[in-house]
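Coordinate analysis (summary)
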Amino acid sequence: MLLAQPLEMKTIYLGWYKEHPSAISSFQQMINASKGKQIVVFLDYDGTLSPIVCDPDRAFMSDQMRAAVQDVSKHFPTAIISGRSREKVYSFVKLNEVYYSGSHGMDTMGPAQKNHSYDDKYHYKTVDEEGNEFIVFQPAKDFLPAIKKMLVEMMERTKNIRGVVIEDNMFCLSVHYRHVKDGEDYERLEQEVKSMLVNYPEFHLTSGKKVLEIRPSIEWNKGHALEYLINNLGFDNSKTLLPIYIGDDTTDEDAFRVLRERGQGYPIVVSSKPTKTMAFHSLHDPSEVLSFLIRLGRWGGSNSNQG
């Protein structure tokens with residue numbers, strides 16, 4: 001059985017890989033389909049542009065990756081959509097050419113508004129260091145006081161559980177448990193989170209890679225953020241749009257689903273093992289994401305008519 005198990009796992013992976021072929025080996029096919037269309041690039045951060053690390057504050061992207069993202073953004077509108085706070089993602093990426101959407105899309109800095117189908121109450125104008133004007137959209141703005149209150153309470157509730165890291169992502173709270181012992185300690189942590197949420201019925205709990213996330217119960221996720229940015233870029237009803245979305249987590253599936261429903265573009269999952277996904281293609285890890293982005297940037301540079 002021990003000898004058969006790796007072969008069985010390999011067979012499963014090859015079957016999954018056939019359904020979700022490499023975005024690198026499929027690159028030319030994607031490019032052929034992009035003729036006469038406007039490519040727009042959407043990227044997750046953790047596990048996509050940076051490796052998953054034990055300390056969330058040290059999820060740094062490499063200089064090579066930053067250069068690749070910058071090169072892509074010179075040729076195609078590019079946005080990063082993350083569960084992190086928008087400010088924290090910007091502090092890691094440090095590129096003014098890119099649009100940023102944090103807190104699973106609940107805090108989006110996009111281009112100056114080109115349509116008014118979203119409530120103005122949650123918009124405000126801002127200017128970056130270079131004087132460029134942007135619109136910030138925060139559909140969960142009304143929940144900020146409760147989130148601040150929960151942050152204090154959650155820190156108090158978990159102060160005696162070793163290994164817990166609570167990250168304030170502005171419009172959601174991320175409770176990291178990568179360093180929490182399995183078993184009793186984790187069960188206690190989960191119970192404390194669920195017990196606190198009883199008093200906050202307007203919030204709900206989701207999970208990711210070694211993290212529990214407390215989020216406002218509004219109909220808004222990375223898929224909505226993707227649509228919002230497409231709208232504000234002026235491509236809402238465009239049949240010439242070709243979006244590419246690369247992400248590694250369950251929260252990215254909402255964006256993958258949007259692209260499938262639109263019948264446009266390429267949802268690409270980053271995964272080293274078979275996983276249930278709405279993505280069409282796959283990349284093994286951030287190093288393959290880097291290779292894909294370098295190739296896309298080079299192609300964009302030699303095809304200036306692509307935007």
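Shown above is the structure to which this text applies.
Throughout what follows, the structure given in this document is the object of discussion. Here the structure is a predicted model, which is why all the values come from computation and not from measurement. All residue numbers refer to position in the chain's written sequence, counted from 1. Residues qualify for local features only when their pLDDT is at least 70, as the model is predicted, and side-chain atom pairs are given and counted only at 80 or more; totals for whole chains, interfaces and linings, by contrast, use all residues. Just so you know, side-chain values use all the structure's heavy atoms and leave hydrogens and water out.

Here's the deal with the side chain of N96
Runs of H or I in DSSP of at least four residues are treated as helices and runs of E of at least two as strands, each being numbered from the N terminus. One can find N96 in the loop between α4 (86–93) and β3 (99–102). For this analysis, a polar contact is any N or O atom pair within 3.5 Å, provided that within protein one partner can donate a hydrogen and the other can accept it, and provided that sequence-adjacent residues contribute only side-chain to side-chain pairs. In this structure the side chain of N96 is engaged in a polar contact, spanning 2.7 Å, whose partner is the side chain of Y90. Setting aside residues no more than four positions away along its own chain, N96 makes contact with Y90, D128, E129, E130 and F134. Throughout, a residue-residue contact means that at least one pair of heavy atoms, one from each residue, lies within 4.5 Å.

Let's talk about the packing of helix α3 (residues 63–75) against helix α9 (residues 286–301)
What counts as an axis is a line fitted to C-alpha atoms, over the stretch in contact for a helix, and the angles between N-to-C directions run from 0 to 180 degrees. Direction vectors running N to C along α3 and α9 enclose 35°, while the axes themselves pass 8 Å from each other. In the crossing of α3 with α9, the sense of the turn from one axis to the other is left-handed. Only P286, V289, L290, L293, I294, L296, G297, R298, G300 and G301 of α9 make contact with α3, whose side of the interface consists of Q64, M65, A68, V69, D71, V72 and H75. Partitioned by chemical class, the residues of the contact of α3 with α9 number ten nonpolar, five polar and two charged. The crossing is said to be left-handed when, going from far helix to near helix, the turn is anticlockwise and less than a right angle, and right-handed when the turn is clockwise. For this classification, Asp, Glu, Lys and Arg are treated as charged, while Ala, Val, Leu, Ile, Met, Phe, Trp, Tyr, Cys and Pro are nonpolar and the rest, including Gly, are polar.

Observations concerning the pattern of salt bridges
Any Lys or Arg side-chain nitrogen found within 4 Å of a carboxyl oxygen on Asp or Glu counts as a salt bridge. If you walk through the whole model with that rule in mind, you get 16 salt bridges. Residue D107 pairs with R86 through a salt bridge whose shortest N-O separation is 3.2 Å. Of the two residues, D107 sits in strand β4 (residues 107–110) while R86 sits in helix α4, which places them 21 residues apart along the sequence. Burial status follows relative accessibility: with a 1.4 Å probe on protein chains alone, a residue under 20% of its type maximum counts as buried, one over 50% as exposed, and anything between as partly exposed. Taking relative accessible area as the criterion, D107 reaches 0% and is therefore assigned buried. For R86, a relative accessible area of 11% puts it in the buried group. Measuring nitrogen to oxygen at the nearest pair gives 2.9 Å for the salt bridge that ties K222 to D252.

Comments concerning the sheet that holds β3
Taken together, the nine strands give an open sheet; going across it, the order is β5-β6-β4-β3-β2-β1-β11-β12-β13, and neighbouring strands pair in mixed fashion. The strands lining the two open edges of the sheet, one partner per strand, are β5 (123–127) and β13 (281–283). Each adjacent strand pair in this sheet contributes to an overall mean axis angle of 20°, direction not counted. For two strands to be treated as a pair, DSSP must find at least two bridges joining them. In the sheet, strand β1 (residues 38–43) pairs with strand β11 (residues 241–247) via six bridges, with the strands oriented parallel. Bridging from a neighbouring strand, I39 pairs with L242 of β11. Contacting β2 (78–81), β3, β4, β5 and β6 (133–137), α4 crosses the sheet at an angle of about 135° to β3.

Brief notes about the environment of A279
Assignment of secondary structure puts A279 in the loop between β12 (266–270) and β13. The spatial distance from the C-alpha of A279 to the C-alpha of R257 is 8.0 Å, given a sequence separation of 22 residues. Not counting residues within four places of it along the chain, the set of residues in contact with A279 comprises H20, E253, F256, R260, P267, I268 and V269.

Section: the pairing of strand β9 (residues 203–208)
A regular strand places its side chains so that they alternate between the two faces of the sheet. Pairing of β9 with strand β10 (residues 211–216) involves six bridges; the strand directions are antiparallel. Paired with S207 across the bridge in β10 is L212. Between the antiparallel neighbours β9 and β10 lie two residues, among them K210 with a positive phi of about 60°.

Remarks on the pairing of β2
The side-chain alternation of β2 yields two buried faces, one formed by T78 and I80 and the other by A79 and I81. Of the pairings in the sheet, the one linking β1 to β2 comprises three bridges and is parallel in character. If you follow F42 over to β2, its bridge partner there is A79. A right-handed crossover is one whose linking path, passing over the helix from the first strand to the second, runs clockwise when the strands point away from the viewer. On the question of chirality, the crossover connecting β1 to the parallel β2 by way of α3 is right-handed. Direction of pairing for β2 relative to β3: parallel, over a ladder of three bridges.

Quick look at the nonpolar core
With 90 residues, the main nonpolar core has L49, I246, F292, L293 and L296 as its most contacted residues. If sequence neighbours within four positions are ignored, L49 has contacts with L43, D44, M61, M65, V69, I80, V289 and L293. Only buried residues count toward a nonpolar core, which is a set of Ala, Val, Leu, Ile, Met, Phe, Trp, Tyr and Cys residues joined through side-chain atoms within 4.5 Å.

A short note on helix α7 (residues 222–232)
For α7, the buried fraction is high: ten of the eleven residues fall into the buried class. Residues K222, G223, H224, A225, L226, Y228, L229, I230, N231 and N232 constitute the buried set of α7. Between the side-chain oxygen of the N-cap and the backbone nitrogen of G223 there are 2.8 Å, and the N-cap of α7 in question is N221. Directly after α7, the chain includes G234, whose backbone phi takes a positive value near 90°.

Quick notes on the sheet that holds strand β8 (residues 173–176)
Strand order across the open sheet formed by four strands is β7-β8-β10-β9, with antiparallel pairing between neighbours. Edge positions in the open sheet fall to β7 (165–168) and β9, since each of these has one partner strand only. Taking each pair of neighbouring strands and ignoring which way they run, the sheet shows an average axis angle of 20°. In terms of strand pairing, β7 meets β8 through four bridges, oriented antiparallel. Along β8, the bridge assignment pairs D168 with L173. Sheet contacts for helix α6 (residues 184–197): β8, β9 and β10; angle to β10, the most-contacted strand, approximately 5°.

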